[in-house]
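Chain by chain, the residues run as shown.
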Amino acid sequence: MSKPTGAICNLDCAYCFFLAKEELYPGSGFRMPPEVHETYVRQLLDAHRGVDEVVMAFQGGEPTLMGIDFFRRTLALEQQIAAPGQRVLNTLQTNATLIDDEWAAFLAENGFLVGVSIDGPRDLHDRYRVDKGGKPTFDRVMAGIDALRRHDVDWNALVTVNAANGDHGRRVYTFLRDEVGASYIQLIPVVEHVSGDRASERSVSGEQYGAFLIEVFDEWARHDVGDVFVTMFDTALAHWLGIENGGACVQARTCGDAVALEHNGDLYSCDHFVDPEHLLGNITEGRTLLQLVQSPAQRAFGQAKLDTLPAYCRSCDVRFACNGGCPKDRFATPPGGEAGLNHLCAGYQAFFRHVDTPMRLMASLLRTGRDATGLRDW
């Protein structure tokens, strides 16, 4: 993913882990220069020669701060550089507060897939998602979503599960389904490491996250299989089907392919590891994007996810589905005293054990050529 504005955003969400990354680039204008922009597009497409579809992902900060012309230039570069028959899918993760009819018409015309950050109904969303003046943002986000819907833009909802909404799984889900019209939903836990084995007060606890996922799953399984797609459930089903690295990287055995490109061309091991220790290099200074991704340092970073699993995880009955979760969250201490347990472990265990039977049923249905919507009847 690329971050054309770096850590710069028009909001000041209390739990945002990326705003502090501004300190890495003192004095920067935090706008991707044209030469870096072109280098990124060229190197990404060059790395995918022979691949029919390439995903070009823009995140932030807030990428819409770059303005529409930046994305018009992206499209022109793609058209110029892409191989014959190669299709580029552009994706944009946004807080939606700047999305108006002009933006929405542009995104629709050019086939962008848009992710919108929204944490649930007004009271839950506005608890942490505020602007620079501390004012609520719910109405502005909903106005942006309305514009996307008016112009038939493909979009999905990204929900951060935190201490405020963590006890309201079904309420958040039904709001997104019934009132917002979301049919693709990502549920991302907020875990802020304070010190030792402590997380911040804004963080969702493991037990809370597990209960949240179970509430959502039970509602989804009874009514929405095949109509609403939840990334966590798709990923779980992939594991029950025996696809080890299917779905989200959080539950994959190893990681290292989801690198983060800063506005100046610096490439980091992961969006959650943008720090000097995990700087792989700069794509304008000799080594290409592909060479940096394939470097020994990055391969070791990805393999460490598997190699550093504590014994408690290695003997767990749901390890095949969990794989220890994201390395950034591994700061709890498991029974036996060995370090490296995921803060969300209790929740992962509760959720994956809860869905074992329905996942087995859906996997069986799919293996025999039937529709997974049969889960609703069960």
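The paragraphs below set out a description of the structure included in this document. (Residues numbered from 1 in each chain as written. Predicted model: local features only at pLDDT ≥ 70, side-chain atom pairs only at ≥ 80, totals over all residues. Heavy atoms only, no water.)

1. Here's the deal with the side chain of Thr94
One can find Thr94 in strand β2 (residues 87-94). From its side chain, Thr94 meets the backbone nitrogen of Ala96 in a polar contact 2.9 Å long. Discounting residues that sit within four places of it in the chain, Thr94 has contacts with Glu62, Thr64, Ile99, Val114, Gly115, Val116 and Ser117. (Helix = DSSP H or I, 4+ residues; strand = E, 2+ residues; numbered from the N terminus. Polar contact = N/O pair within 3.5 Å; in protein donor to acceptor, adjacent residues only side chain to side chain. Contact = heavy atoms within 4.5 Å.)

2. Quick word on the environment of Val274
Tracing the backbone through its elements, the reader meets Val274 in the loop between β10 (266-268) and β11 (279-282). Residue classification places Val274 among the buried residues on the basis of a relative accessible area of 1%. Distance in space between the C-alpha atoms of Val274 and Ala260 is 7.6 Å, their sequence separation being 14 residues. Aside from chain neighbours lying at most four places away, what touches Val274 is Phe18, Lys21, Leu24, Ala260 and Tyr268. (Buried < 20%, exposed > 50% of the residue type's maximum accessible area, 1.4 Å probe, protein only.)

3. Digging into the nonpolar core
If you look at the biggest cluster of nonpolar residues, it comprises 90 residues, and the most contacted ones within it are Leu107, Leu176, Trp220 and Phe352. Counting residues per element, this core draws most heavily on helix α7 (residues 206-223), which supplies eight residues. When sequence neighbours within four positions are dropped, the list of residues in contact with Leu176 reads Ile118, Ala157, Val159, Gly181, Ala182 and Ile185. (Core = buried A, V, L, I, M, F, W, Y, C linked by side-chain atoms within 4.5 Å.)

4. Re the sheet that holds strand β5 (residues 184-189)
What the six strands build is an open sheet, ordered β1-β2-β3-β4-β5-β8; its pairing is parallel. Single-partner strands in this sheet number two, and they are β1 (53-58) and β8 (229-230). Sheet topology note: the β1/β2 ladder contains six bridges and is parallel. Residue pairing in the sheet places Val54 in a bridge with Val88 of β2. (Pairing = 2+ DSSP bridges.)

5. Some points on the pattern of salt bridges
In the structure shown here, the tally under the stated rule is 21 salt bridges. Residues Arg150 and Asp101 are paired through a salt bridge, measuring 2.9 Å at the closest nitrogen-oxygen approach. Of this pair, Arg150 sits in helix α5 (residues 138-150) while Asp101 sits in helix α3 (residues 101-109), and the two are 49 residues apart along the sequence. A single salt-bridge network, built from bridges that share partners, covers Arg170, Arg177, Asp178, Glu219 and Asp224. (Salt bridge = Lys/Arg side-chain N within 4 Å of Asp/Glu carboxyl O.)

6. So, the layout of surface pockets
Counted as a void, the second largest pocket has a volume near 160 Å³. As for the second largest pocket, its lining consists of Phe217, Asp218, Ala221, Arg222, His354, Pro358, Leu375, Arg376 and Trp378. When contributions to the lining of the second largest pocket are tallied by element, the ones reaching two or more residues are α7 and α15 (374-377). Examining the composition of the lining of the second largest pocket, we find that four residues originate from one element, α7, more than from any other. When the residues that make up the lining of the second largest pocket are grouped by side-chain class, the tally is five nonpolar, one polar and three charged. (1 Å grid on protein atoms, 1.4 Å probe; cavity = no way out; pocket = protein on both sides within 12 Å on 5 of 7 lines; lining within 4 Å. Points joined across faces, edges and corners; volume = space filled by probe spheres on them. Nonpolar A, V, L, I, M, F, W, Y, C, P; charged D, E, K, R; others polar.)

7. A few points about empty space enclosed by the protein
In this approach the atoms are scanned with a rolling probe the size of a water molecule, which exposes any empty space left behind. A complete count under the given rule lists one cavity of 30 Å³ or more for this structure. In this structure, the largest cavity spans a volume of roughly 100 Å³. Lining the largest cavity we find 14 residues, and of these Cys313, Cys316, Cys322, Gly324 and Cys345 sit closest to its centre. Those elements that place two or more of their residues in the lining of the largest cavity are α11 (311-314), α12 (319-322) and α13 (345-354). No other element matches the three residues that α13 contributes to the lining of the largest cavity. Class assignment for the residues of the lining of the largest cavity results in nine nonpolar, four polar and one charged.

8. So, the pairing of β2
It is a general feature of regular strands that their side chains alternate between the two faces of the sheet. Most of β2 is tucked away: seven of the eight residues are buried. In this fold, β1 hands off to helix α2 (residues 68-81), which returns the chain to β2; that crossover is right-handed. Summarising the sheet, β2 and strand β3 (residues 113-117) pair through four bridges and their orientation is parallel. Within β3, the position partnered with Leu92 by the bridge is Val114. In the classification by handedness, the crossover that spans β2, the intervening α3 and the parallel β3 is right-handed. (Right-handed = clockwise from strand over helix to strand, strands pointing away.)

9. Quick look at the packing of aromatic side chains
In total, this model carries 23 aromatic pairs according to the counting rule given. For the pair Phe70 and Phe71, a centre-to-centre distance of 5.1 Å together with 85° between the ring planes defines the contact as edge-to-face. Here Phe70 and Phe71 have matching classes, each one buried. Where Phe138 meets Phe175, the ring centres are 6.1 Å apart and the plane angle is 40°; that geometry is what we call tilted. Taken together, the residues Phe138 in helix α5 and Phe175 in helix α6 (residues 169-180) connect sequence positions 37 residues apart. The residues Phe138 and Phe175 share a single accessibility class, namely buried. Geometry around Phe18 places Lys3 over its ring, the cationic atom sitting 4.0 Å from the centre. (Phe/Tyr/Trp six-rings, centres within 6.5 Å; stacked < 30°, edge-to-face > 60°. Lys NZ or Arg CZ within 6 Å of the ring centre and 35° of its normal.)

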